[in-house]
Amino acid sequence: MIHGTEGGGKAEIIVALDEPSLDDARRLMDRLKGRARFYKVGLQLFTAAGPAAVEAVKAHGARVFLDLKLHDIPNTVASAVRSARGLGVDLCTIHLGGGPEMCAAAVESAGDATTILGVTVLTSSDETTLRACGVGGTVAAQVERLAVMGWQAGVRGLVASALEVQRLRGLLGPEAVLVIPGVRPAGADAGDQKRTATPAEVVRRGATHLVVGRPISRAEDPAAAYEAIGQEIAEVDNKT
Ligand code: C5P
C-alpha cells in the first residue's frame, strides 16, 4: 500500500509509458535503467500489449501505475481490480463518478498491496461539460464533492491537476496520495497541456507523485531529463 506520508514527504516521479508498442516501452525503460523506479501504463499501451506491459515494468524492477480509469458496476470493477492486484499493480485508477458502492468495492478488492486512485473531473471537462451531464456548479466544487465521497468510501489517493493539489491536500490531510500529471520543468515545451506547473511548484503544493511523459520520453537524453526533474524535486524537499 502506498501512503501519502511515505518517504518523509519526498515526491516520486512516475514516467508515463505512452508508447504504441511494448518494444517502444522497453526501449524507453532501457534508457532510464537504474534511474526510474515507477512507470504508468495507460490505455494506449495496455490495449496494445495487455498484461505483458505490466510484466515488462516489473521485470525492470519498477513499480506500476495502471491507469485504466475503471468505471462500471461495482462487481465488474472489483473483478478488474482483483486482476490488477494479481498482476502486482501498485496504483490503479477508477472514476469516482461510479459512486460510493463502486469505490468501496474497488478498495476492498485492492487489499493492502494495491492503492486505488480516484479520478474526479477530467481536465478536458469544464462547466459546460458538467452541465451537459446534468451536474451544476463549478468544476472545483465537483472535484471536492467527488474527492470527499471517495474518501468516505475508503479511496486514499487521487489523480489531480496542479491547480487542485493544494486544496485537496488541505481537505484530505497528510495521508492522501496525490498524483499530479501535466507537469513541465521550467522552460520545457508544454505540448498540448494548457495549465501546467513546474515539478517544484506541485511538490510545494503537496503532491506525492508526479506523472511525467513527454518531457522525459521525447527528450534527446531521457536519463538526463529524468535526473534534472529529480534534482528539482530534491531541492524542494531539502528546503522543507
Ligand atoms: O506527456 P505528458 O507529460 O503530458 O503526459 C502526461 C500523462 O498524464 C499522460 O499519460 C496523460 O494521459 C496523463 N494525464 C494528463 N492530464 C490529466 C490526466 C492524465 O496529462 N488531467
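Conventions adopted
- Residue numbering note: each chain is counted from 1, following its sequence as written.
- In view of the model being predicted, local features appear only for residues whose pLDDT reaches at least 70, and side-chain atom pairs are presented and counted only at 80 or more, with totals across whole chains, interfaces and linings using the full set of residues.
- As a rule here, side-chain values come from all non-hydrogen atoms in the structure, and water together with hydrogens is ignored.
- The cutoff for a nearby residue is simple: one of its non-hydrogen atoms must lie within 4 Å of the molecule or strand.
- Polar contacts, as counted here, are pairs of nitrogen or oxygen atoms within 3.5 Å of one another; within protein the pair requires one atom able to donate a hydrogen and one able to accept it, and residues that are adjacent in sequence qualify only if both atoms are side-chain atoms.
- Note on areas: Shrake-Rupley, 1.4 Å probe, and residue coverage restricted to the protein chains presented here.
- Starting at the N terminus, helices and strands are each numbered in turn, a helix being any DSSP run of H or I of at least four residues and a strand any DSSP run of E of at least two.
- Polar here means any residue outside two lists: the nonpolar Ala, Val, Leu, Ile, Met, Phe, Trp, Tyr, Cys and Pro, and the charged Asp, Glu, Lys and Arg; Gly therefore counts as polar.
- Inter-axis angles, ranging from 0 to 180 degrees, are taken between N-to-C directions of lines fitted to C-alpha atoms, where helices are fitted over the stretch in contact.
- Just so you know how the angles are binned, under 35 degrees is roughly parallel, over 145 roughly antiparallel, 65 to 115 roughly perpendicular, and the rest oblique.
- By convention the crossing between two helices is left-handed if the near helix lies anticlockwise of the far one by an angle smaller than a right angle, and right-handed if it lies clockwise.
- Every residue pair with non-hydrogen atoms within 4.5 Å of one another is taken to be in contact.
- A strand pair is defined by DSSP finding two or more bridges across the two strands.
- To estimate the expected span of a helix, subtract one from its residue number and multiply by 1.5 Å.
- Three labels apply to residues, based on accessible area from a 1.4 Å probe with only protein chains included: buried if under 20% of the type maximum, exposed if over 50%, partly exposed otherwise in between.
- The arc under discussion is defined with respect to the helix axis, by the directions toward the C-beta atoms.

Observations concerning the site of the ligand
Reasoning step 1: By nearness alone, every residue bordering the ligand is listed as Ala16, Asp18, Lys40, Thr123, Pro181, Arg184, Gln193, Val211, Val212, Gly213, Arg214 and Pro215.
Reasoning step 2: Here an oxygen atom of the ligand and a side-chain polar atom of aspartate 18 are 2.7 Å apart.
Reasoning step 3: In isolation the ligand has 460 Å² of accessible area, and contact with the protein removes 80% of it.
Reasoning step 4: Elements that contribute at least two residues to the shell around the ligand include exactly β8 (209-212) and α10 (214-217).
Reasoning step 5: Residues belonging to the shell around the ligand are distributed by class as follows: five nonpolar, three polar and four charged.

Concerning the packing of helix α4 (residues 74-87) against helix α5 (residues 100-110)
Angle between the axes and distance between the axes: these two values describe a pair of packed helices.
Reasoning step 1: Packing of α4 against α5 brings their axes to within 8 Å, and their N-to-C directions diverge by 25°. For the element pair α4 / α5, the angle class is roughly parallel. Viewed along their axes, α4 and α5 form a crossing whose handedness is right-handed. For the pair α4 and α5, the contacting residues are Pro74, Val77, Ala78, Val81, Arg82 and Arg85 in the first and Glu101, Met102, Ala105, Ala106, Glu108, Ser109 and Ala110 in the second.
Reasoning step 2: Residue composition of the contact of α4 with α5, grouped by class: eight nonpolar, one polar and four charged.

Overview of the sheet that holds strand β5 (residues 115-119)
Reasoning step 1: Reading around the circumference, β1-β2-β3-β4-β5-β6-β7-β8 is the order of the eight strands in this closed barrel, with parallel pairing throughout. With direction set aside, neighbouring strand axes in the sheet form an average angle of 25°.
Reasoning step 2: Sheet contacts for α5: β3 (63-70), β4 (91-95) and β5; angle to β4, the most-contacted strand, approximately 165°.

Notes on α4
Reasoning step 1: Taking 1.5 Å per residue, 14 residues should reach 20 Å; α4 reaches 20 Å between its end C-alpha atoms and fits that length.
Reasoning step 2: Within α4, burial applies to Val77, Ala78, Val81 and Ala84. Buried residues of α4 fall within an arc of 120° about the axis and therefore sit on the same side. Exposed and facing more than 90 degrees away from the buried side of α4 are Asn75, Ser83 and Gly86.
Reasoning step 3: Elements that come into contact with the buried residues of α4 comprise β3, β4, α5 and β5.
Reasoning step 4: The positive-phi residue at the C-terminal boundary of α4 is glycine 88, with phi of around 85°.

Quick notes on the environment of glycine 111
Reasoning step 1: Structurally, glycine 111 can be placed in the loop between α5 and β5.
Reasoning step 2: The spacing of glycine 111 and valine 143 is 32 residues in sequence and 25 Å in space, taken between C-alpha atoms.
Reasoning step 3: Ignoring anything within four residues of it in the chain, the contact list for glycine 111 reads Met1 and Arg85.

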